[in-house]
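Structure at a glance
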Amino acid sequence: MRTAKDFFAPLAVGAPAPVREIPARPSRAIHFFDPGNPKMAAKVPEMVGTVDVLLGNLEDAVKAENKEISREGLVKIGQETDFGPTQFWTRINSLDSPWVLDDLTTLVPAIGHKLDVIMVPKVQGAEDIHYVDRLLAQLEAKAGITKPILIHAILETARGVANVEEICGASPRMQGISLGPADLAADRRMKTTRVGGGHPGYLVRQDAAPLAEGGYDFTGQRAIFQQDLWHYTMARMVDACAMHGIYAYYGPFGDIKDTVACEDQFRNAFLMGCVGAWSLHPVQIKIANQVFSPSVEDVKHARRVIAAMGDGTGAVMLDGKMEDDASVKQCKVMVDLAEELAAIDPELKARYDAIVLD
Ligand SMILES: CC(C)(COP(=O)(O)OP(=O)(O)OC[C@H]1O[C@@H](n2cnc3c(N)ncnc32)[C@H](O)[C@@H]1OP(=O)(O)O)[C@@H](O)C(=O)NCCC(=O)NCCSC(=O)C[C@H](O)C(=O)O
Ligand SMILES: [Mg+2]
């Protein structure tokens, strides 16, 4: 058993002290690029400052024969790029793959001082996080790294979902969790063939109309309402993350051309408590930045409620609605997020600063 005092002790002599709290850094879009793809790699410097997180992907979507080229490409990018306000993450290969040990033993000494977060795919339980945690501590100690690299897990197996609470609490390095809908669908034997998003077959149909002579008209037109396949998993993930003070993210939306449905999926995640989503193509960065930034209307309303509530206790009527201690807490979540984002996004800051309370 790991005791409370052990939890915040370094796991290797000379490794940096674990963080006590995960910093609330903006991460509306986690933008994936293949560091071994020359066209994508060339775009990295110009993307700095336009996206909250740049993630060099080494796992799925990188061909087996290119794993080493991509890893070397990531080292070069890490060494040569000034990331400024943008976070620099990587997704390593899965823990059961032949590449992951080389990923970690190459990346940490070479660019560990620049890497903010390592995303670990297909996490099954706390034991996977413990393995990476100890290995990172050893590698950080050896490389003289002074700031601990954080861990982000992808929820993409049934066992991972069943163990999500213990995964979130497995290490002080745990920064957050993303939903990996494509691998999760396969692992669960869902009958879908998509990378995230909904499915027209997963629906609820309006009741049949009653007939005058009795019985029901099962042949008439009835409205159908498409349902969200990911609602249950997202809700579990958000609760587990909130419980442990870490951050939840929707993952990939593979239908790049369907920007409208992508926006819907991202907005569902935002409303449910996620702080960001993945971007697979430059077009999705703008969608994530917009969706995961509170609207001017929401910030204005939240500020009005906070102002009307004074010390934050009791109940008042505002625009015909009751506001109380609980609604003011929700409004503070909105305003705090707006302030964090305004600190790194001048355009957003100008829009929030222009708000005038009625
Ligand atoms: C999806 C893509 C294969 C599409 O690429 P492409 O056909 O080249 O798109 P375009 O012609 O529209 O590209 C226009 C230009 O933009 C560059 N580009 C494209 N994507 C990126 C990017 N991600 N970062 C930077 N630059 C990008 C192209 O090179 C073009 O450049 P130019 O010719 O100079 O104008 C491709 O977007 C892609 O591979 N994206 C990343 C895919 C990925 O990372 N997949 C893995 C994450 S999802 C996953 O793993 C599932 C999950 O784990 C789960 O289980 O659910
Ligand atoms: Mg996956």
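Keep in mind it's a predicted model, so treat the numbers as computed, not measured.

What counts and what doesn't
- Residues numbered from 1 in each chain as written.
- Chains lettered and ligands numbered in written order.
- Predicted model: local features only at pLDDT ≥ 70, side-chain atom pairs only at ≥ 80, totals over all residues.
- Heavy atoms only, no water.
- Donors = N, O, S within 2.8 Å, 3.2 Å for Na, K, Ca; no water.
- Helix = DSSP H or I, 4+ residues; strand = E, 2+ residues; numbered from the N terminus.
- Buried < 20%, exposed > 50% of the residue type's maximum accessible area, 1.4 Å probe, protein only.
- Near = heavy atom within 4 Å.
- Polar contact = N/O pair within 3.5 Å; in protein donor to acceptor, adjacent residues only side chain to side chain.
- Areas by Shrake-Rupley, 256 points an atom, 1.4 Å probe, with all protein chains shown as cover.
- Nonpolar A, V, L, I, M, F, W, Y, C, P; charged D, E, K, R; others polar.
- UniProt positions renumbered as here; feature names shortened; annotations may be inferred.
- Phe/Tyr/Trp six-rings, centres within 6.5 Å; stacked < 30°, edge-to-face > 60°.

**Digging into the coordination of the magnesium ion (ligand 2)**
Six octahedral donors at a metal ideally form angles of 90 or 180 degrees, and four tetrahedral donors ideally form angles of 109.5 degrees. Those protein atoms acting as donors to the magnesium ion (ligand 2) are Glu156 (OE) and Asp183 (OD), and they sit at 2.1 to 2.2 Å. Remark: Asp183 occurs in helix H8 (residues 181-188) and Glu156 occurs in the loop between strand E5 (150-155) and helix H6 (158-162); sequence separation between them is 27 residues. The partly exposed category is assigned to Asp183, whose relative accessible area is 25%.

**Section: the site of ligand 1**
By nearness alone, 20 residues border ligand 1, and Phe32, Lys43, Ala182, Leu280 and His281 come closest of all. In the environment of ligand 1, a nitrogen atom lies 2.8 Å from a nitrogen or oxygen atom belonging to the backbone of Phe32. Residue Arg91 places a side-chain N or O atom 2.9 Å away from an oxygen atom belonging to ligand 1. Burial of ligand 1 by the protein chains amounts to 65% of its free accessible area of 1,000 Å². Only strand E1 (29-33), helix H2 (38-47) and H8 provide two or more residues apiece to the shell around ligand 1. When the residues that make up the shell around ligand 1 are grouped by side-chain class, the tally is 10 nonpolar, 4 polar and 6 charged.

**Here's the deal with the UniProt feature "domain: HpcH/HpaI aldolase/citrate lyase" (unreviewed entry) in the protein chain**
Under the UniProt annotation, "domain: HpcH/HpaI aldolase/citrate lyase" (unreviewed entry) lies at residues 32-194. Across residues 32-194, the secondary structure splits into 44% helix and 17% strand, with the terminal C-alpha atoms separated by 18 Å.

**Some words on the packing of aromatic side chains**
The geometry of an aromatic ring pair is captured by two quantities: the separation of the ring centres and the angle between the planes. For the coordinates displayed, the defined rule picks out 8 aromatic pairs. When the ring of Phe7 is compared with that of Phe8, the centres are 5.1 Å apart and the planes differ by 90°; the resulting orientation is edge-to-face. Judged by its relative accessible area of 22%, Phe7 falls in the partly exposed class. Classification of Phe8 by relative accessible area gives partly exposed; the value is 25%. When the centroid spacing of 6.2 Å and the interplanar angle of 55° are considered together, the rings of Tyr250 and Phe266 count as tilted. Taken together, the residues span a long stretch of sequence, with Tyr250 in the loop between strand E11 (247-249) and helix H10 (259-272) and Phe266 in helix H10 at a distance of 16 residues. Residue classification places Tyr250 among the buried residues on the basis of a relative accessible area of 0%. Through pairs of rings, three or more aromatic residues link up here, namely Tyr250, Phe266, Phe270 and Phe292.

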